[in-house]
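Architecture and fold: a report
If you want the building blocks of each chain, they are given just below.
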Amino acid sequence: MASQYRMNLMVCTGTGCVSNKSLNIIDALNREIEANGLAEEVQVIPTGCNGFCANGPIIVVHPEEIFYQLVSEEDIPLLVEEHLLKGRPVQKLMYTPPETKNPVPTMSEIGFFKKQMLIVLSNRGIIDPENIDEYIARGGYKGAAKALTEMTPEQIIEEIKASGLRGRGGAGFPTGKKWEFCRNAKGDEKYIICNCDEGDPGAFMDRSVMESDPHEVLEGMVIGARAIGAKHGFIYLRDEYPLALERVLKAIDQATEYGLLGEDILGTGFDFTISVNRGAGAFVCGEETSLIGSLEGMVPEPRTRPPYPAVSGYKGSPTNINNVETWGNVPHIIARGAKWFSGIGTETSKGTKVFSLVGKVNNTGLVEVPMGIKLREIIYDIGGGIPDNKKLKAVQTGGPSGGCIPASLLDIPVDYESLKEIGSIMGSGGMIVMDEETCMVEVARYFLSFTLGESCGKCSPCREGTYHMHTILENITKGKGREEDIELLEKMGTLIKQTALCGLGNTAPNPVLTTIKHFRDEYEAHIRDKKCPAKVCKALITYTISKEKCTGCTLCAKNCPSKVITGERKAVHVIDQSGCIKCGICKSVCRFDAVEVE
Amino acid sequence: MTKISLTIDGRKISASPGMTILQAALENGIMIPNLCNDPRLVPTGSCRMCIVEIDKQPGFHTSCTRIAEDGMIINTHTDEIKAMRKTLLEFIFREHVTTCPTCDSDGNCKLQDYGYEYGVDVNKFTQIPVPSFPDNYTRNDHAIHYDPGHCIRCQRCVRICAEVQCAEALTMENRSNSVVVSTGLGKPLRESTCEYCGQCISTCPTGAIYEKNSRGKGKIKDVVKTRTTCPYCGVGCQMELNVHKETNKIMRVTTNVDLLPNYGNLCVKGRFGIEFVHSPKRLSSPLVRENGSFREITWDQALKLVSEKFLALKKQYGPDALAGLSSAKTTNEDNYIMQKFIRAVFGTNNIDHCARLCHASTVTGLSMAFGSGAMTNSINEVRRAPVIFVIGSNTTECHPVLGILIRQAVAAGTSKLIVADPRRIPLTHVANLHLQQRPGTDVALVNGMMNVILSEKLEDEDYIRERCENFEAFRAEVEKCPPKTAAQITGVPEKDIIAAARLIGKAAATYTIYSMGITQHTTGTDNVLSLANLAMLTGNVGKECTGVNPLRGQNNVQGACDMGALPNVFPGYQSAYDSEMVKKFSSAWKVPLSDKKGLTLVEMMNAAYDGSIHGLYLMGENPLLSDPDINHVKEALSRLDFFVSQDIFLTETAELAHVVLPATSFAEKSGTFTNTERRVQLVNRAIEPLPGTREDWKIICQVASHMGYPMNYGNAAEIMDEIAQLAPIYGGISHERITETGLQWPCPTPGHPGTLFLHKDGFKRGKGKFHAIPFIPPDEEPSNEYPLVLTTGRLLFHWHTGTMTRKCSVLDTLVPNAQLEMHPDDAGGFGIAQEEIVKATSRRGVITVPVCITDKVKKGEVFLTFHFKESPVNVLTNPALDKTAKIPELKVCAVRIEKIPEKNA
């Protein structure tokens, strides 16, 4: 951050904001600033993701920390004139909570940001991710310097162990212990891997870290390499993340240029290089042994463990693999000490966790919260509650491998053990909020269809078992469910969990098993009564027009794509059920609430 | 190694460290169900059937992937596990359409067995539609067929193709429940890297991949499996002929994964090349030539005719006017009887066989250097050799099952591979170094390498001092050939010669493999001696994973030599010109024997041409395609007064015979073959002799008896007993001893375990002898008139003169004709198009052949195989001989390639 400027305009260039044309905004800002002769006083800085993606493009004006959202190119002349020239922040571009209607000027006052605690994301929105100097100015590479010059590998491992850091990829294995296994494993060559093959639907934690603070990950890897004794590291990155790829490659070049990667790092005699491999779109590559297979140039299929990668990983050498967020925590722990880190969180879950908060919630985006925070706080305080004042029904954590948590359990603390206890998992950080209009059978079917589609097909329980379960769920949502199906689903789900070869299969039944556990009545309604309580499953619902409410405005008939609504103007309309495709357009266009669903 | 002990299902068992739980259990007779397991493959645990519980370890573990640990307590058949297996099977039966009644594998299918054992409800998931697979990679393939409806996605085929065959033709396509076996990009199998070894067939547990021609010909209950030895190359693969009980026909070939030397692997010829046995072209009656055509006669007439004619010729011209050619395709017993017959009944040493054309120079060269002319080490040692040096051997095509061991060793990172070959043979794709020498310059290449080894002091001084002699004379010669000179002669870059020398010089052990590329030269013996020099220089003889290893071409060329089907030696390499030995055999065979020098094969042909040989008894050979300068051979054979050909087919050669005697094929006889690693292995009769045919040794015995020398043996085992008495290297070998596993000679006594590698404690001849070998160019070099160098060889899909393979529909369809390989620059220069039929001319003759334009050959060189009678390359080749071994220079001659003018132009 350059301090000689009167004002710094931090424009978010995360993927969300870029796709909402934040790059055009930067151009427009620079044009206006130039035109108004402010180039000497005001600076525009592209930053990484702020997390409040639903409200992008976002501009934060420092030093006052004025937060602008949903900015478009057309707003720029006004913004420059009002705020930059006249010193009057533009109210119409500020965040306005749905419940108060009063614009909130600064970032820290916005509920979405207030309850967050930033460690991994601490540089988000503040630095230019493509400029190593800005990372260093914020204390970057201090951890690496300390680890390389003041600590032995054993001490680094001890520090990580003492911090209580656990793997953020989902399983929550203690990171320090994992490093220790790899350090102690026999092998001439050792490797470390950063898993950035983020594949859960609706999850974008890793992408955001890579885009907004790539050096943090590199620094974590340098420290880990030193601790483990690796000379080379891989970053396995989804090819669907072009911006993250561009930034991490730039970061590697800069770090190499600065002597923070490559030979003789910081003059300590320690050599470490990093290469980036692009994943080709297989979800199963998020599983560590598949990822390693893919790196080796093989078909990405999981391998049985043991042997664990720590003993026999990449090309048979000891290999340590952690995900982006785990690596991102490392520099902070080393720089600030294990004691500081372990002071955050709960007894068994330390530090913070990044979640992508999506679904039926007012404030969707990326949030970092201390472990142990209650789900309710995330959804209502940070997330701003459910849109349209609807009721919360459930929260899905851990993506397709996780489980559905019913609203009744909203006060459980978010930590590894509590989530596991109720049948879900922490996962890598996907958090999907569902309201009362969500059918839990359909949700289970949807998630299973995802894992079914991504199953590599190597082991029979995952390949065939999930297919059978999916077929049964599909039948239930179509009204063809049988009384014994619930028991069959539970039996098969348990079998698949116990016998599948890798994590993908082991966790695939979770959404089904947890929805049966917490929403059994919905399954029963589908099977016994042939009804979908949430009125989602098309085969089980009928649209009718209320004789009392219909005014005969003809709007529904005009909009019906199947042309099955008939009725004279000003007379009651009727839907011909034989041709109705249950698209719901009639209901959405009716201004008299006359279309009813049963 | 100390054993570990563990408890499985309450039984305490012991196991070797490193074994998986499944291996330990199976070895102790505890059955754990498994479908994706094959001992040849790295376990993957994909079928999940072998799950077990391990005490104090939560969950279930696949026993095929878990290493057994000392003290483990394991349960394999709890109620919970059994219930899980049942459901897993029900999943699998959704993929595997249960059509057992129409499946060849019915009765030989683990899935079927488990389905029964676990009481599977195959109709449990009726709501799921039966999948249909309209098309797959075997569409229109005439050899291998894949049925996704029977496939259980265990990936064994994909894994064996990659891990064992290293062909990587197969892969899994799609994901999830639509996953199927396919080739890269779903190409037809023929267009993939498939080598048609059928390893996929051999490992498929459910009959989803099968030989197309065998489909519907019989189930397991209908067949009798007879284990025997493959009749093609010298590797000596063990195979099982599956014969239909009622039709007496071989339906398919299977293998046993536990058996040496191939451990269940076969090549395309072993798998698909047995059809010739039932060819309608098989001879079924003795024939006599009358007025230019053949007439069937009875066996009695034939035996009488043959014996009378030979007796008359012997009487008229003396014993040395008669000669015999034995066969490397027939058994040891056949060969023993043949040479005994020639020596004892004809009374001459004019006995030879086709080894003259392949490894005569090996026998002379290695005998001069080491004292024994056989492969020093064993086949399976190659897998552990730090460096493998392959020179003049297209191993993956000519000895495919040994070739895959080389590829495996390189793929596993165990071995570095150096290939020296004028062509870019398949092995060069995985080699660390390819030295592409000009044909016939091997001595210069090896001398150049040895020059580097000496100048960089990489030689094994102690070994040379203690075990070898004549080193200084050798050193003086090698010093004349620095790598720069070698590079000029061979065309191999100097740096590559140096790199190869360093690899070998610095390696703990180098396993040298060579074949016809070394031996079939006028300098064949020199070439072999050079390799012997290199091995001794680097201390690579007499140890494991080292050696000079000539790969024998024919299934029993080693045995035919061992049996003394050579003019100069009796069985067991005992000199036929040594009076003591002559005495020994005279007394054993109760007849005075000649000690006069006999003629070698090419010399016999010349003698027939000259009129000094009048009668010839030929068994199982086809010199009219295999010998150099065919026109000359044809004329020579035509001039014979009496010529008998004993064969299973009316070969090109047999057509010139006066009498043709129909013999049995390997499938109809018992006896032994000795493979390239000196392993004597059983050949077992799988089918009854075809009508009208007789076993080779029986026919000869009957001729002998008619000629007044009774030869009576009850069976082949009795013949082997006689061999054991007379040939010390076979002294301990009997059919009974080799019922399970073959024995490697020397095996002097019945208690001797056989010999894995030779010259362990000293060379057979005492000290290993270095020879000073100067480079001599090939007999014929390119000229203005004949500007190209022709070299010859074999293809994976065919065998020698095609007598057998071209009668196998799969093989003959895969490769139906010869192709002259020619470099694009040469083809461009002559204006020749791909597949154009051209005229190839040498100083000896002319043939026509289609051209394959490829950069597998270097500019200025062309390559052709000798399998195809339509383009008989040996019309062109040079009969010039190696002066010591009398082997002709089949590998180099000068030719001219011309376009054929259009007729109506």
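Scoring rules and cut-offs
Residues numbered from 1 in each chain as written. Chains lettered and ligands numbered in written order. Predicted model: local features only at pLDDT ≥ 70, side-chain atom pairs only at ≥ 80, totals over all residues. Heavy atoms only, no water. Helix = DSSP H or I, 4+ residues; strand = E, 2+ residues; numbered from the N terminus. Rg over C-alpha atoms; globule rule 2.2 N^0.38 Å. Buried < 20%, exposed > 50% of the residue type's maximum accessible area, 1.4 Å probe, protein only. Contact = heavy atoms within 4.5 Å. Areas by Shrake-Rupley, 256 points an atom, 1.4 Å probe, with all protein chains shown as cover. Lys, Arg positive; Asp, Glu negative; His and termini not counted. Charge placed at Lys NZ, Arg CZ, Asp CG, Glu CD. Buried area = accessible area lost by both parts, 1.4 Å probe. Salt bridge = Lys/Arg side-chain N within 4 Å of Asp/Glu carboxyl O. Polar contact = N/O pair within 3.5 Å; in protein donor to acceptor, adjacent residues only side chain to side chain. Nonpolar A, V, L, I, M, F, W, Y, C, P; charged D, E, K, R; others polar. Axes fitted to C-alpha atoms, helices over the stretch in contact; angles between N-to-C directions. Parallel < 35°, antiparallel > 145°, perpendicular 65-115°, else oblique. Left-handed = near helix turned anticlockwise from the far one by under 90°. Phe/Tyr/Trp six-rings, centres within 6.5 Å; stacked < 30°, edge-to-face > 60°. Lys NZ or Arg CZ within 6 Å of the ring centre and 35° of its normal. Pairing = 2+ DSSP bridges. Patch = residues over 30% accessible without salt bridge, like charges linked within 9 Å, V, L, I, M, F, W, Y side chains within 5 Å. Core = buried A, V, L, I, M, F, W, Y, C linked by side-chain atoms within 4.5 Å. Expected span 1.5 Å × (residues − 1).

Remarks on the overall build of chain A
- Each helix and strand in chain A was counted, giving 23 helices and 18 strands.
- Here the C-alpha radius of gyration of chain A, 26 Å, is about what a compact globule of 598 residues would show, namely 25 Å.
- Taken over the C-alpha atoms alone, chain A extends approximately 85 × 65 × 40 Å along its principal axes.
- Expressed as a percentage of the 598 residues in chain A, the buried residues total 59%.

Notes on the overall build of chain B
- Assigned secondary structure in chain B consists of 28 helices and 39 strands.
- Since a compact globule built from 905 residues should have a radius of gyration of about 29 Å, the 29 Å found for chain B is in line with a globular shape.
- Each principal axis of the C-alpha atoms in chain B carries an extent, and together these give about 85 × 75 × 70 Å.
- Expressed as a percentage of contacts within chain B between residues at least 6 apart in sequence, the contacts between residues at least 24 apart total 72%.
- As displayed, chain B offers around 31800 Å² of accessible surface, 51% of which is attributable to carbon and sulfur atoms.
- Charge separation in chain B, taken as the distance between the mean sites of 97 positive and 98 negative side-chain charges, equals 1 Å.

Describing the interface of chain A and chain B
- Between chain A and chain B, the contact holds 32 residues from the first and 32 residues from the second.
- Of the roughly 2600 Å² buried where chain A meets chain B, counting both sides, 55% is carbon and sulfur surface.
- Applying the counting rule to chain A against chain B returns three salt bridges.
- One can count 12 residue pairs in polar contact (both at pLDDT 80 or more) joining chain A with chain B.
- No other element matches the 10 residues that helix 18 (residues 460-477) of chain A contributes to the side of chain A that touches chain B.
- Taken together, the residues of the side of chain A that touches chain B sort by class into 14 nonpolar, 12 polar and six charged.

Quick notes on the packing of helix 7 (residues 153-163) of chain A against helix 10 (residues 214-228) of chain A
All names here are of chain A.
- Viewed as axis vectors pointing N to C, helix 7 and helix 10 meet at an angle of 120°, and their least axial separation amounts to 7 Å. Between helix 7 and helix 10, the crossing angle belongs to the class labelled oblique. Judged by the twist between their axes, the crossing of helix 7 over helix 10 is left-handed. Here Pro153, Ile156 and Ile157 of helix 7 lie close against helix 10, whose contacting residues are Ile223, Arg226 and Ala227.
- In the contact of helix 7 with helix 10, the residues fall into five nonpolar, no polar and one charged.

Structural notes on the packing of aromatic side chains
- For the structure shown, the criterion picks out 35 aromatic pairs over all chains.
- A connected cluster of aromatic rings, assembled from ring pairs, spans Phe52(A), Phe67(A), Tyr95(A), Phe112(A) and Phe113(A).
- Note that Arg207(A) overlies the ring of Tyr241(A), its terminal NZ or CZ placed 5.9 Å from the centroid.
- Its end group placed over the ring of Phe763(B), Arg467(B) keeps NZ or CZ at 5.0 Å from the ring centre.

A few points about the side chain of His61(B)
All names here are of chain B.
- Within the secondary structure, His61 is located in strand 4 (residues 57-62).
- By relative accessible area, which is 14% here, His61 ends up buried.
- Of the polar contacts made by the side chain of His61, one reaches the side chain of Arg66; its length is 3.2 Å.
- Aside from chain neighbours lying at most four places away, what touches His61 is Cys50, Ile51, Val52, Ile54 and Arg66.

Digging into the sheet that holds strand 2 (residues 42-47) of chain A
Residue and element names in this part refer to chain A.
- Sheet architecture is open: four strands sit in the order 2-1-3-4, paired in mixed fashion. Each having just a single partner strand, strand 2 and strand 4 (66-68) make up the two edges of the open sheet. Between one strand axis and the next, the sheet turns through 20° on average, direction left out of account.
- Of the strands in this sheet, strand 1 (7-12), strand 2, strand 3 (59-62) and strand 4 are in contact with helix 3 (residues 76-85), which crosses strand 1 at around 150°.

Considerations on the side chain of Ser208(A)
Residue and element names in this part refer to chain A.
- Its place among the elements puts Ser208 in helix 9 (residues 205-212).
- Residue class for Ser208 comes out buried when judged on its relative accessible area of 1%.
- Sequence-distant contacts of Ser208, defined by excluding residues within four places in its chain, comprise Cys49, Asp213 and Leu366.

Examining a negative patch on the surface
Residues and elements named next belong to chain A.
- A grouping of Glu548, Asp593, Glu596 and Glu598 is seen on the molecular surface, where their side chains present a negatively charged patch.
- Note that Glu548 resides in the loop between strand 15 (543-545) and helix 22 (555-559).
- Classification of Glu548 as exposed rests on a relative accessible area of 72%.

Quick look at the pattern of salt bridges
Residues and elements named next belong to chain A.
- Throughout the structure, instances matching the rule amount to 84 salt bridges over all chains.
- For Lys250, the salt bridge is made with Glu246, and the minimal N-O distance between the two is 3.9 Å. With Lys250 and Glu246 both in helix 11 (residues 242-257) and four residues apart, this pair spans about one turn of that helix.
- In this structure Glu246 comes out as partly exposed when scored by relative accessible area, which is 40%.

Brief notes about the environment of Phe389(B)
All names here are of chain B.
- Inspection of the secondary structure assignment puts Phe389 in strand 17 (residues 387-391).
- Residues Phe389 and Tyr514 lie 125 residues apart in sequence; the distance between their C-alpha atoms is 8.3 Å.
- For Phe389, the contacting residues outside a window of four places in its chain are Ile418, Ala420, Met449, Ile504, Thr510, Tyr511, Thr512, Ile513, Leu531 and Leu534.

Quick notes on the nonpolar core
- Counting residues in each nonpolar core, the largest one holds 190 residues, and the members touching the most others are Leu241(B), Phe341(B), Ile406(B), Trp589(B), Tyr617(B) and Tyr730(B).
- Per-element accounting of this core gives the leading share, eight residues, to helix 8 (residues 332-346) of chain B.
- Ignoring anything within four residues of it in the chain, the contact list for Leu241(B) reads Val224(B), Lys225(B), Thr226(B), Thr228(B), Ile250(B), Arg252(B), Val253(B), Ile274(B), Phe666(B), Ala667(B) and Ala686(B).
- Listed in part, the 69 residues of the second largest apolar core include Leu165(A), Tyr241(A), Ala244(A) and Ile333(A).

Some points on the pairing of strand 32 (residues 788-793) of chain B
All names here are of chain B.
- Burial analysis of strand 32 places six of its six residues in the buried class, the great majority of the element.
- Residues Leu788, Leu790 and Thr792 point to one face of strand 32 and Val789, Thr791 and Gly793 to the other, with burial holding for every one of them.
- One ladder, built from three bridges, connects strand 32 with strand 39 (residues 893-899); its direction is antiparallel. In the sheet register, Leu788 faces strand 39, and the bridge partner there is Val895.
- The pairing of strand 32 with strand 36 (residues 861-865) spans five bridges and is parallel. Within strand 36, the residue paired with Leu790 across the bridge is Val862.

What about the environment of Ser626(B)?
Residues and elements named next belong to chain B.
- With respect to the element layout, Ser626 can be found in helix 23 (residues 623-626).
- As for Ser626 and Thr653, which are separated by 27 residues in sequence, their C-alpha atoms are 10.0 Å apart.
- In contact with Ser626, not counting residues within four places along its chain, are Leu357, Thr801, Asn874 and Leu890.

Looking at the packing of helix 8 (residues 175-184) of chain A against helix 10 of chain A
All names here are of chain A.
- One way to put it is that helix 8 packs onto helix 10 with a least axis distance of 8 Å and a crossing angle of 45°. The angle between helix 8 and helix 10 falls in the class oblique. Judged by residue contacts, Trp179, Cys182 and Arg183 of helix 8 engage Gly224, Arg226, Ala227 and Ile228 from helix 10.
- Residue composition of the contact of helix 8 with helix 10, by class: four nonpolar, one polar and two charged.

Regarding helix 19 (residues 485-499) of chain A
- The terminal C-alpha atoms of helix 19 of chain A, which comprises 15 residues, lie 21 Å apart, in line with the 21 Å expected from a rise of 1.5 Å per residue.
- Considered for burial, the residues of helix 19 of chain A that qualify are Asp485(A), Ile486(A), Leu488(A), Leu489(A), Met492(A), Gly493(A), Leu495(A), Ile496(A) and Thr499(A).
- Tucked inside the fold, the buried residues of helix 19 of chain A contact helix 18, helix 20 (503-507) and helix 21 (510-529) of chain A together with strand 3 (51-54) and helix 2 (79-95) of chain B.

Things to note about the sheet that holds strand 21 (residues 510-514) of chain B
Residues and elements named next belong to chain B.
- The parallel open sheet is built from five strands, whose spatial order is 19-18-17-21-22. Each edge of the sheet is formed by a strand with only one pairing partner; in this case those strands are strand 19 (433-435) and strand 22 (548-550). Geometrically, the sheet is characterised by an average inter-axis angle of 15° between neighbouring strands, direction not taken into account.
- As paired elements, strand 17 and strand 21 share five bridges and run parallel to each other. By the bridge assignment, Phe389 is partnered in strand 21 with Thr512.
- The strands touched by helix 17 (residues 494-506) are strand 17, strand 18 (416-420), strand 19 and strand 21; relative to strand 19, the strand with the most contacts, the crossing angle is about 125°.

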